[in-house]
Amino acid sequence: MNLNTIEEVRQATAVAGGDVEWRDGDSWLAGGTWLFSEPQPYLRRLLDLRAMGWQPLESSDGGLRVAATCTIAALYAFPGRPDWPASFLIDECCRAFLASFKIWNTATVGGNICMSLPAGPMISLTTALEGVYIIQGLDGAERQMPALDFVTGNHQNVLQPGELLRAIDLPAAALRKRAAFRRMSMTHMGRSTALLIGTVLPQGGAFTLTVSAATPRPVQIVFAEAPDARALRERLNEAIPDDGYFDDVHGAPEYRKHITHYYAEQIRAELAGAPA
Ligand SMILES: Cc1cc2nc3c(=O)[nH]c(=O)nc-3n(C[C@H](O)[C@H](O)[C@H](O)COP(=O)(O)OP(=O)(O)OC[C@H]3O[C@@H](n4cnc5c(N)ncnc54)[C@H](O)[C@@H]3O)c2cc1C
């Protein structure tokens, strides 16, 4: 839609170059799939991040760096590596969008994370893969934080005005883990009601379960070794009380709790088995 309050669109490089000073009514523009999908009455100026020219994906033995401006389509095209069994999660999470091909080709990984919706599949992916977010301030200084700590609630995150998400680092140690993925949506190609990912070290040991979409922000529980069904159920109940589940048209809290426990047990059983 036309955003009729916008007076100016500038390249984001103008901020770094000192030509533009951040002010109230400014917003970073990535793919624009959300920004242009509804009125934005408080916005006056858009600063287009695509001008940054960041390399979308950088793969090395240390892991995978995903630029915030990498599109979902470009991430989906990443072939993975044979020594990174968990890289199949990239495909699964890209497919977890309520989205047409137009959204896929335009929406960015960073835009999805910064939207900070409970059903943001790039949040699920990067949290489960122990991602580290690189956040850049207006002075160019960078800080890092675990993906798990970034989203603070429905459509809320830690970014201060003018800060931007520069990149996401996915460590090779997490990509080398065995992983299991489960997702429920009320409709075909619909928004996620619950999205759960479990990971274990290749030879067994520490077991990590990440719950997203069912809760306003991701919840992660870690066991030193694969738990039994009862221990898992108890830890889930401690980590997510009954009023900790998200409530919207894509699922009532009681249903989300049921699905979360159901899938968590499936993931536990799957990863408790011997490596393939
Ligand atoms: C039909 C449709 C279906 C959708 N389905 C889903 C879905 O299933 N799940 C879901 O989570 N969302 C969904 N969305 C919402 C949205 O389109 C996606 O979250 C998308 O990934 C946003 O990415 P974008 O690059 O288009 O962001 P934009 O629309 O450009 O920006 C979104 C917000 O993030 C900020 N932002 C973007 N990049 C950065 C950055 N690097 N640093 C700081 N701030 C930044 C912008 O200022 C803006 O506030 C859907 C939208 C539509 C229209």
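The model shown is predicted, which means the values in this text are computed figures rather than measured ones.

Caption draft 1: The overall build of the protein chain, seen in detail. The number of helices and strands found in the protein chain is 9 helices and 14 strands. Against the globule reference of 19 Å for 276 residues, the protein chain gives a C-alpha radius of gyration of 19 Å, in line with a compact fold. Over its C-alpha atoms, taken along the principal directions, the protein chain stretches across nearly 60 × 40 × 30 Å. Looking at the protein chain as a whole, 50% of its 276 residues qualify as buried. Nonlocal contacts in the protein chain, meaning residues at least 24 apart in sequence, comprise 59% of its contacts between residues at least 6 apart. Per element, the accessible surface of the protein chain, about 12900 Å² overall, is 52% carbon and sulfur. Measuring between centres, the 24 positive side-chain charges of the protein chain sit 4 Å from its 30 negative side-chain charges.

Caption draft 2: Summary view of the domain arrangement of the protein chain. With domains assigned, the protein chain is organised as domain 1 (8–47), domain 2 (57–173) and domain 3 (178–272). One C-alpha centre belongs to domain 1, the other to domain 3; they are set 36 Å apart.

Caption draft 3: The arrangement of the nonpolar core in detail. Grouped together as the largest cluster of nonpolar side chains are 57 residues, with contacts concentrated most on L64, V66, L75, V109, I113 and M122. Leave out the neighbours within four places in its chain, and V66 touches P56, L57, L75, V109, A167, I168 and L170. With 20 residues, the next largest nonpolar core counts V211, F223, L232 and L236 among its residues.

Caption draft 4: Layout of the sheet that holds strand β14 (residues 219–223). As summarised here, the arrangement of the 4 strands in space is β11-β12-β13-β14, forming an open sheet in which the pairing is antiparallel. The open sheet has two free edges, formed respectively by β11 (178–185) and β14, since each of these has just one partner strand. The mean inter-strand angle of the sheet, taken between neighbouring strand axes irrespective of direction, is 10°. Bridge count between β11 and strand β12 (residues 192–200): 8 bridges; the pairing is antiparallel. Looking across to β12, one finds that R182 is bridged to L196. Relative to the sheet, helix α8 (residues 229–239) contacts β13 (207–212) and β14, its axis offset from that of β14 by approximately 145°. In the packing of helix α9 (residues 253–272) onto the sheet, the strands contacted are β11, β12 and β13, and the crossing angle to β11 comes to about 155°.

Caption draft 5: Representation of the site of the ligand. Not every one of the 29 residues close to the ligand is listed here, only the nearest: W28, G32, T33, L98 and T108. The contact in question runs from an oxygen atom of the ligand to an N or O atom on the backbone of W34, over 2.9 Å. Here an oxygen atom of the ligand sits 2.9 Å away from a polar atom, N or O, in the main chain of L35. Within the complex, 88% of the 970 Å² of free accessible area of the ligand lies under protein. Sorting the residues of the shell around the ligand by element identifies β2 (26–29), α5 (109–115) and β10 (164–171) as the ones contributing at least two each.

Caption draft 6: Just the sheet that holds strand β3 (residues 45–48), in detail. Across the sheet, which stays open at both edges, the 3 strands sit in the order β1-β3-β2 with parallel pairing between neighbours. Edge positions in the sheet fall to β1 (8–11) and β2, since each of these pairs with one other strand and no more. Within this sheet the neighbouring strands show an average axis-to-axis angle of 25°, counted without direction.

Conventions used here
Residues numbered from 1 in each chain as written. Predicted model: local features only at pLDDT ≥ 70, side-chain atom pairs only at ≥ 80, totals over all residues. Heavy atoms only, no water. Helix = DSSP H or I, 4+ residues; strand = E, 2+ residues; numbered from the N terminus. Rg over C-alpha atoms; globule rule 2.2 N^0.38 Å. Buried < 20%, exposed > 50% of the residue type's maximum accessible area, 1.4 Å probe, protein only. Contact = heavy atoms within 4.5 Å. Areas by Shrake-Rupley, 256 points an atom, 1.4 Å probe, with all protein chains shown as cover. Lys, Arg positive; Asp, Glu negative; His and termini not counted. Charge placed at Lys NZ, Arg CZ, Asp CG, Glu CD. Domains from an automatic or database assignment. Core = buried A, V, L, I, M, F, W, Y, C linked by side-chain atoms within 4.5 Å. Pairing = 2+ DSSP bridges. Axes fitted to C-alpha atoms, helices over the stretch in contact; angles between N-to-C directions. Near = heavy atom within 4 Å. Polar contact = N/O pair within 3.5 Å; in protein donor to acceptor, adjacent residues only side chain to side chain.

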